[in-house]
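Take a look at the letters that make up each chain.
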Amino acid sequence: MYAPSELKTIPRHVAIIMDGNGRWAKKRGLPRVMGHREGVKRVREVVTAARELGVEVLTLYAFSQENWRRPSDEVSALMELLQTYLVNQLNEMLTNRISLRAMGDLDRLPPAVKKTLDETIERTSGNTEMILNLALSYSGRYEIACATRNIARDCLEGRIDPDQIDEKLFSSYLFTADYPDPELVIRTSGEKRLSNFLLFQAAYSELYITSILWPDFNRSEFVKALIDLQGRERRFGMTSEQLKPCTVNGY
Ligand code: FPP
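Residues numbered from 1 in each chain as written. Predicted model: local features only at pLDDT ≥ 70, side-chain atom pairs only at ≥ 80, totals over all residues. Heavy atoms only, no water.

Chemist: Quick rundown of the nonpolar core? Include the residues and the values.
Modeler: A general tendency of soluble globular proteins is for nonpolar side chains to be buried together. Among the nonpolar cores identified, the biggest contains 45 residues, and Ile-16, Leu-58 and Phe-222 are the most heavily contacted of them. When sequence neighbours within four positions are dropped, the list of residues in contact with Phe-222 reads Val-14, Ile-16, Val-46, Ala-49, Ala-50, Leu-53, Val-55, Ile-186 and Phe-217. Within the second largest apolar cluster, 10 residues are counted, among which are Ile-17, Tyr-138, Leu-198 and Ala-202. (Core = buried A, V, L, I, M, F, W, Y, C linked by side-chain atoms within 4.5 Å. Buried < 20%, exposed > 50% of the residue type's maximum accessible area, 1.4 Å probe, protein only. Contact = heavy atoms within 4.5 Å.)

Below you can see the structure in the form of structure tokens.
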């Protein structure tokens, strides 16, 4: 068991690619949806852990734009699980003062899910303890394209000058404009890729890849990932010597 007492620093923003639900189910001879159902339990557990540990923003990759290509019964099951999660967790979010946000091409969600999502976001909007940011119908390239389109529009309409466009301004057009970049990106199930997740924001994120499948990624595994992060030196292109007297990004 990995205990929070071993944690000296807590990252402000943690992002997770929750992978391996299907394999977890297959290993047990169960339908894939059972893996997703068990995965929702870990979502609840990790959200609670992050909130207790003092993480400010937890971003979960819950459904990618590529996931729309899955068999329609699996897509429907995932949408139903999302809807049920939102309904069941509202009180928990209110009690724990968690603010729900979502990012992605949200208009593609089934209308009933979109309605519940909007209502949950609205009902929890005043909460300030932690932001739970769900990436839904999300694609990093789509996000960058949207940002570029909006920047171009603002240039054409005279709100900004093209010479003003730098990394900071670009970031302010992303879905994550209000959050710091994630210090840590966790990926479960052993795959070693970003899969179109936070492509701009993860430029300097530390990656933590574990072979544990998402339905087995419990609170202890989450704490273990944070302990692993604090043993790393984040140099942002500088040398170790340069880093010693200062901190970067408050980390
Ligand atoms: C990847 O596993 C996981 C997903 C595509 C969906 C993640 C969804 C959940 C954990 C549950 C719903 C989320 C919320 C927030 C209620 P996979 O199916 O690709 O696994 P595999 O690679 O082993 O097939």
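Continuing now.
Chemist: Report on the packing of helix H2 (residues 32–53) against helix H7 (residues 219–230), specifying residues and quantitative values.
Modeler: Packing of H2 against H7 brings their axes to within 9 Å, and their N-to-C directions diverge by 45°. Classed by the angle they form, the pair H2 and H7 counts as oblique. Where H2 crosses over H7, the handedness of that crossing is right-handed. On H7, the residues that touch Glu-45, Val-46, Ala-49, Ala-50, Glu-52 and Leu-53 of H2 are Arg-219, Phe-222, Val-223 and Leu-226. (Axes fitted to C-alpha atoms, helices over the stretch in contact; angles between N-to-C directions. Helix = DSSP H or I, 4+ residues; strand = E, 2+ residues; numbered from the N terminus. Parallel < 35°, antiparallel > 145°, perpendicular 65-115°, else oblique. Left-handed = near helix turned anticlockwise from the far one by under 90°.)

Chemist: Could you give me a rundown of the site of the ligand, with the residues and numbers involved?
Modeler: The environment of the ligand is formed by 14 residues, the closest being Asp-19, Gly-22, Arg-23, Arg-32 and Arg-70. In this structure, an oxygen atom belonging to the ligand sits 2.7 Å away from a main-chain N or O atom of Arg-23. Interatomic distance of 2.8 Å between a side-chain N/O atom of Arg-32 and an oxygen atom of the ligand. The protein chains hide 92% of the 620 Å² of surface that the ligand would expose on its own. Those elements that place two or more of their residues in the shell around the ligand are helix H1 (21–27) and H2. (Near = heavy atom within 4 Å. Polar contact = N/O pair within 3.5 Å; in protein donor to acceptor, adjacent residues only side chain to side chain. Areas by Shrake-Rupley, 256 points an atom, 1.4 Å probe, with all protein chains shown as cover.)

Chemist: Residue-level account of the packing of aromatic side chains, with values.
Modeler: This model, assessed by the stated rule, comprises 8 aromatic pairs. Ring geometry for Tyr-142 and Phe-175: centres 6.3 Å apart, planes at 40°, overall tilted. With a gap of 33 residues between them, Tyr-142 in helix H5 (residues 140–156) and Phe-175 in the loop between helix H6 (167–171) and strand E5 (184–187) connect regions that are remote in the sequence. With a centroid separation of 5.4 Å and an interplanar angle of 20°, the aromatic rings of Trp-214 and Phe-217 are classed as stacked. Grouping residues by exposure puts Trp-214 and Phe-217 together as buried. (Phe/Tyr/Trp six-rings, centres within 6.5 Å; stacked < 30°, edge-to-face > 60°.)

Chemist: Break down the confidence of the model for the protein chain for me, citing the residues and quoting the values.
Modeler: Within the protein chain, residue pLDDT values average 95, and 97% of them lie at 70 or more. No element of the protein chain has a lower mean pLDDT than helix H8 (residues 240–243), at 80, and none a higher one than strand E4 (residues 130–138), at 99. In the model, residues 246–251 has pLDDT below 50 throughout and makes 9 contacts with residues more than four positions away in sequence or in other chains. (pLDDT = per-residue confidence, 0-100.)

Chemist: Provide a residue-level description of the sheet that holds strand E2 (residues 57–64), including the pertinent values.
Modeler: Taking strand neighbours across the sheet as the criterion, the 6 strands line up as E3-E4-E2-E1-E5-E6 in an open arrangement whose pairing is parallel. Looking along the sheet, the strands with just one partner apiece sit at the ends: strand E3 (98–103) and strand E6 (206–209). On average, adjacent strands in this sheet sit at an angle of 20° to one another, irrespective of strand direction. Note that strand E1 (residues 13–17) and E2 share 5 bridges and pair parallel. The residue bridging Val-14 from the neighbouring strand is Leu-58, located in E2. Contacts from helix H3 (residues 72–95) reach E2, E3 and E4 within the one sheet, and its direction differs from that of E4 by about 165°. (Pairing = 2+ DSSP bridges.)

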